[in-house]
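# What the coordinates show
Chain by chain, the residues run as shown.
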Amino acid sequence: MTIRPLVILPDSQLRLISKPVASITDEIRALADDMLETMYDAPGVGLAAIQIGVPLRVVTMDVSRSEDERQPIVLLNPEIVSSSEEKSVYEEGCLSIPEYYEEVERPTRVRFRYMNLKGEIVEQDADGLLATCIQHEIDHLNGVLFIDYLSKLKRDRVVTKFKKAAKREEKTA
Ligand code: K1U
Ligand code: ZN
């Protein structure tokens, strides 16, 4: 298992639409292991493969927030089946936009479907952090970031900040 470097805003890879996983191979299993290790190291509660530069529809999540009782989930080709009319506001973060948090409104409850590493199709209901996280991660698979839900003013501000930081890093590298 390897901790992989995270893709950070404004890297254009974050805007790619990821491709479906066609079959469960040793490469997919190794990718899932690396994603879990990278997610726990960050630390984060979710990770999409594109955040480590792999444009495949693979997501890892663990919303248990307990070091002792980890509950990792690996989701292949996840999709939202249905969403509640009711909306909730949650303060979101993103491992690709470090140390930036903003409130985002999304459906309170969702039903989602995915394939697990055994090849089984699983359907699950979610609310709370799990519902927020699965919606955030599926957005990553479609090249959408949580800052896209903010006002243009806030989005431009954060993008400019990260562009400047990337330029500074380019100069010192
Ligand atoms: O996809 C990502 O960038 C991961 C992101 C998922 C997420 C968190 C909160 C709301 C929506 C989506 C994160 O994990 S950010 C880090 C974070 O929230 C966290 C880190 C450690 C402990 C608890 C939470
Ligand atoms: Zn994110």
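Let us look at the structure shown here.

Analysis parameters
Residues numbered from 1 in each chain as written. Chains lettered and ligands numbered in written order. Predicted model: local features only at pLDDT ≥ 70, side-chain atom pairs only at ≥ 80, totals over all residues. Heavy atoms only, no water. Helix = DSSP H or I, 4+ residues; strand = E, 2+ residues; numbered from the N terminus. Rg over C-alpha atoms; globule rule 2.2 N^0.38 Å. Buried < 20%, exposed > 50% of the residue type's maximum accessible area, 1.4 Å probe, protein only. Areas by Shrake-Rupley, 256 points an atom, 1.4 Å probe, with all protein chains shown as cover. Lys, Arg positive; Asp, Glu negative; His and termini not counted. Charge placed at Lys NZ, Arg CZ, Asp CG, Glu CD. Donors = N, O, S within 2.8 Å, 3.2 Å for Na, K, Ca; no water. Near = heavy atom within 4 Å. Polar contact = N/O pair within 3.5 Å; in protein donor to acceptor, adjacent residues only side chain to side chain. Nonpolar A, V, L, I, M, F, W, Y, C, P; charged D, E, K, R; others polar. Contact = heavy atoms within 4.5 Å. Pairing = 2+ DSSP bridges. Axes fitted to C-alpha atoms, helices over the stretch in contact; angles between N-to-C directions.

## With respect to the overall build of the chain
When helices and strands are tallied, the chain shows three helices and seven strands. Counting helices and strands in the order they occur from the N terminus, the chain gives α-β-β-β-β-β-β-β-α-α. Relative to the 2.2 N^0.38 estimate, which gives 16 Å for 173 residues, the radius of gyration of the chain is 16 Å and therefore close to what a compact globule would have. Principal-axis analysis of the C-alpha atoms gives the chain an extent of 45 × 40 × 35 Å. Burial statistics for the chain: of 173 residues in total, 42% are counted as buried. Total accessible area on the chain is roughly 9,800 Å²; 49% of this is exposed by carbon and sulfur atoms. When the 23 positive and 30 negative side-chain charges of the chain are each reduced to one mean point, those points stand 8 Å apart.

## Some remarks on the coordination of the zinc ion (ligand 2)
For the zinc ion (ligand 2), every protein donor is listed as Cys 94 (SG), His 136 (NE2) and His 140 (NE2), and the spread of their distances is 2.1 to 2.3 Å. Sequence positions of the donors to the zinc ion (ligand 2) reduce to the motif C-x41-H-x3-H. Here Cys 94 is found in the loop between β4 (87–92) and β5 (102–107), whereas its partner His 136 is found in helix α2 (residues 128–141), with 42 residues between them in sequence.

## Remarks on the site of ligand 1
Surveying the vicinity of ligand 1 reveals 14 residues, the closest of which are Val 45, Gly 46, Gln 51, Leu 95 and Glu 137. Within the backbone of Leu 95, one N or O atom sits 2.8 Å away from an oxygen atom of ligand 1. In the environment of ligand 1, an oxygen atom lies 2.6 Å from a nitrogen or oxygen atom belonging to the side chain of Glu 137. For ligand 1, the accessible surface in isolation is 530 Å², of which the surrounding protein chains cover 84%. By residue number, the principal contributor to the shell around ligand 1 is α2, which donates four residues. Residues of the shell around ligand 1, tallied by class, amount to four nonpolar, seven polar and three charged.

## Quick word on unusual backbone geometry
Residue Leu 9 is joined to Pro 10 through a cis peptide bond whose omega torsion reads 10°. A positive phi angle is found at Asn 77, which is not glycine, with a value near 50°. Looking at where Asn 77 falls in the secondary structure, it is placed in strand β3 (residues 73–83). By relative accessible area, which is 23% here, Asn 77 ends up partly exposed. Even without being a glycine, Glu 99 presents a positive backbone phi close to 60°. If you trace the backbone, Glu 99 turns up in the loop between β4 and β5. Judged by relative accessible area, which is 74%, Glu 99 ranks as exposed.

## Quick look at the side chain of Glu 102
Take Glu 102: it is sitting in strand β5. The exposure class assigned to Glu 102 is buried, which follows from its relative accessible area of 18%. A polar contact of 3.3 Å, which involves the side chain of Glu 102, links it to the side chain of Lys 154. Setting aside chain neighbours within four positions, we find Glu 102 in contact with Tyr 90, Glu 91, Glu 92, Phe 146, Leu 150 and Lys 154.

## Here's the deal with the sheet that holds strand β7 (residues 121–126)
If you walk across this open sheet you meet the five strands as β1-β2-β3-β6-β7, and the pairing is antiparallel. If you trace the sheet from one side to the other, it starts and ends with β1 (46–48) and β7, each paired once. Recorded for the sheet is a direction-independent mean angle of 40° between the axes of neighbouring strands. Judged from the five bridges that link them, β3 and strand β6 (residues 110–115) form a sheet pairing that is antiparallel.

Taken by themselves, the reported measurements are silent on function.
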